Amino acid sequence: MIRTVESPPPASAPVLAAYSYCEAVTGQQARNFAYGIRLLPTPKRRAMSALYAFSRRVDDIGDGALAADVKVARLEDTRTLLDRVRAGKVEEDDTDPVAVALSHAAGAFPIPLGGLDELIDGVLMDVRGETYETWDDLKVYCRCVAGAIGRLSLGVFGTEAGARGAERAAEYADTLGLALQLTNILRDVREDAEGGRTYLPSDDLAKFGCSAGFDGPTPPEGSDFTGLVHFEVRRARALFAEGYRLLPLLDRRSGACVAAMAGIYRRLLDRIERDPEAVLRGRVSLPGREKAYVAVRGLSGLDTRHVSRRSPVRQTARRRT
């Protein structure tokens, strides 16, 4: 069971500088993520920034314009760096601030660093140009690139001592990661198509007449694109509903962070559901004021209380069946 770390070790000046670098990377490149982690106490916020900065490095290699063999080599170099972090061989005066910050974070919190190996594996799937025939196939990828991030984050958040059902926290974190990733896939369907990538399962594309792909601002002729999007939205909503059961297992500020990040993506999902073809015309996003509202809502604990009220009902229903 994962428990909250109350008193992480103090950070030296070089480590604080490394964390500052990671926080700058997070603020510049991950605005949705940054809205959530700003609700955390300082040690957890720094640790989450270190995780993001390392993950961003891995993603940037996969998304870059390098040849595939060069990407593979750089991803394996990154895995070697991760091995150094895991072995405690990164010194505080190391020239790589991300490695310094991640090493300190891993010493302060029980972070399952193997999740970053999974992330590298997922990006290698991108580099190889893998496609997915079924949802079960796509889930393998989503668990690597997003479910693993949920489990890594849980290592920082911890669970409340005595929280009922805490043994399932990692499962819920993983499922919430899948929900966020499927939302990302829907939002970025046009952008990914332009980059030669298709993530939605080919079975689903065929079912709705969308096998021709999405290379323009309108759906393939004769397709039921709206039906496809609504089908995937329902799948994502079911994942969110299950993943949100994580919230009552976390302390107030960690729960607020998760509720804020997930809440932003749920609202993106709402927008996509209302206007499915918007994802073919451009990037669907939320205005800053709406993100701020979601953050305040998360901090209020409203989502956590809602999940807590519903959970006993579901458990009772299960016992009756």
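1. Some details on the overall build of the protein chain
Turning to step 1, where the next piece is worked out: Counting secondary structure elements, the protein chain contains 15 helices and zero strands.
Turning to step 2, where the next piece is worked out: Counting only residues that meet the buried cut, the protein chain has 51% of its 321 residues in that class.
Turning to step 3, where the next piece is worked out: Excluding contacts between residues fewer than 6 apart, the proportion of contacts in the protein chain whose partners are at least 24 apart in sequence is 74%.
Turning to step 4, where the next piece is worked out: When the accessible surface of the protein chain is totalled, it reaches about 14800 Å², and 50% of it is carbon and sulfur.

2. Quick look at the confidence of the model for the protein chain
Turning to step 1, where the next piece is worked out: For the protein chain, mean pLDDT is 90; residues scoring 70 or higher make up 90% of the total.
Turning to step 2, where the next piece is worked out: Contacts from residues 312–321, a stretch scored under 50 in pLDDT, to residues over four places away or in other chains number four contacts.

3. Some thoughts on the pattern of salt bridges
Turning to step 1, where the next piece is worked out: The final tally for this structure, using the stated rule, is 31 salt bridges.
Turning to step 2, where the next piece is worked out: What you see here is one network of salt bridges that share partners, running through E76, R79, D83, R86, D117 and D121.

4. Structural notes on the packing of aromatic side chains
Turning to step 1, where the next piece is worked out: Enumeration over the complete set of coordinates arrives at five aromatic pairs.
Turning to step 2, where the next piece is worked out: Plain terms: the ring middles of F208 and F231 are 5.7 Å apart, the flat faces sit at 45 degrees to each other, and that makes the pair tilted. Here F208 is found in the loop between α10 (202–207) and α11 (225–243), whereas its partner F231 is found in helix α11, with 23 residues between them in sequence.
Turning to step 3, where the next piece is worked out: Arranged with centres 5.4 Å apart and planes meeting at 65 degrees, the rings of F214 and F225 form a pair that is edge-to-face. Pair noted here: F214 is in the loop between α10 and α11 and F225 is in helix α11, with a separation of eleven residues, a long-range link.
Turning to step 4, where the next piece is worked out: F214 gets classed as buried once you look at its relative accessible area, which sits at 5%.
Turning to step 5, where the next piece is worked out: Using a relative accessible area of 3% as the deciding quantity, one classes F225 as buried.
Turning to step 6, where the next piece is worked out: Through pairs of rings, three or more aromatic residues link up here, namely Y132, Y141 and Y199.
Turning to step 7, where the next piece is worked out: The ring of Y244 carries R266 above its face, with NZ or CZ at 4.6 Å from the centroid.

5. Digging into the packing of helix α8 (residues 169–187) against helix α12 (residues 252–274)
Turning to step 1, where the next piece is worked out: One can describe the packing of α8 onto α12 by two numbers: an axis separation of 10 Å at closest approach and a directional angle of 35 degrees. Along this stretch, α8 crosses α12, giving a crossing that reads as left-handed. Between α8, through L176, L180, T183, N184, L186 and R187, and α12, the contact on the second element is made entirely by V258, A262, Y265, L268, L269 and I272.
Turning to step 2, where the next piece is worked out: When its residues are assigned to classes, the contact of α8 with α12 shows nine nonpolar, two polar and one charged.

6. Details of the state of the cysteines
Turning to step 1, where the next piece is worked out: Tallying each qualifying case throughout the model produces zero disulfides.
Turning to step 2, where the next piece is worked out: Of the cysteine sulfurs around C144, a residue in no disulfide, the closest is that of C142, at 9.4 Å.

7. Concerning empty space enclosed by the protein
Turning to step 1, where the next piece is worked out: Applying the stated rule across the entire model yields one cavity of 30 Å³ or more.
Turning to step 2, where the next piece is worked out: Considering only enclosed or pocket space, the largest cavity measures out at about 30 Å³ in volume.
Turning to step 3, where the next piece is worked out: Along its surface, the largest cavity is lined by L186, V189, L200, F225, L228, V229 and V279.
Turning to step 4, where the next piece is worked out: Residues of the lining of the largest cavity, tallied by class, amount to seven nonpolar, no polar and no charged.

Conventions and cut-offs
For every chain, the first residue of the written sequence is number 1, and numbering continues from 1 onward in sequence order. The model is predicted, so local features are restricted to residues of pLDDT at least 70 and side-chain atom pairs to those at 80 or more, both for listing and for counting; the totals for chains, interfaces and linings are taken over all residues. Excluded from the side-chain calculation are hydrogens and water; included are all heavy atoms of the structure. Numbering goes from the N terminus for both helices and strands, where a helix is a DSSP run of H or I of at least four residues and a strand is a run of E of at least two. Accessible area is worked out with a 1.4 Å probe on protein chains only. A residue is then buried under 20% of its type maximum, exposed over 50%, and partly exposed in between. Only heavy atoms enter the contact rule, under which two residues are in contact if any of them lie within 4.5 Å. Throughout, the Shrake-Rupley method with a 1.4 Å probe supplies accessible areas, and for residues the shown protein chains are the sole cover considered. Per-residue confidence from the prediction method is given by pLDDT, with values spanning 0 to 100. Just to be clear on terms, a salt bridge is a Lys or Arg side-chain nitrogen sitting within 4 Å of an Asp or Glu carboxyl oxygen. Stacked, tilted and edge-to-face are the three classes applied to pairs of Phe, Tyr and Trp rings, where Trp contributes its six-membered ring and a pair requires centres within 6.5 Å; stacked means planes under 30 degrees apart, edge-to-face means over 60, and tilted covers the rest. We call a charge positioned over a ring when the NZ of a Lys or the CZ of an Arg lies within 6 Å of the ring centre and within 35 degrees of the ring normal. To obtain an axis, a line is fitted to C-alpha atoms, over the contacting stretch when the element is a helix, and the angle between two such axes runs from 0 to 180 degrees between their N-to-C directions. Each crossing gets its handedness from the near helix: less than a right angle anticlockwise from the far helix is left-handed, clockwise is right-handed. Each residue gets one of three labels, nonpolar for Ala, Val, Leu, Ile, Met, Phe, Trp, Tyr, Cys and Pro, charged for Asp, Glu, Lys and Arg, and polar for the others, Gly among them. Disulfides are defined as cysteine sulfur pairs within 2.5 Å. Space inside and on the surface of the protein is sampled on a 1 Å grid over the protein atoms alone, with a cavity defined as a set of points where a 1.4 Å probe fits but cannot get out and a pocket as an open set with protein on both sides within 12 Å along at least 5 of 7 lines; lining residues have an atom within 4 Å of a point. Grid points are joined across faces, edges and corners, and a volume is the space filled by probe spheres set on the points.

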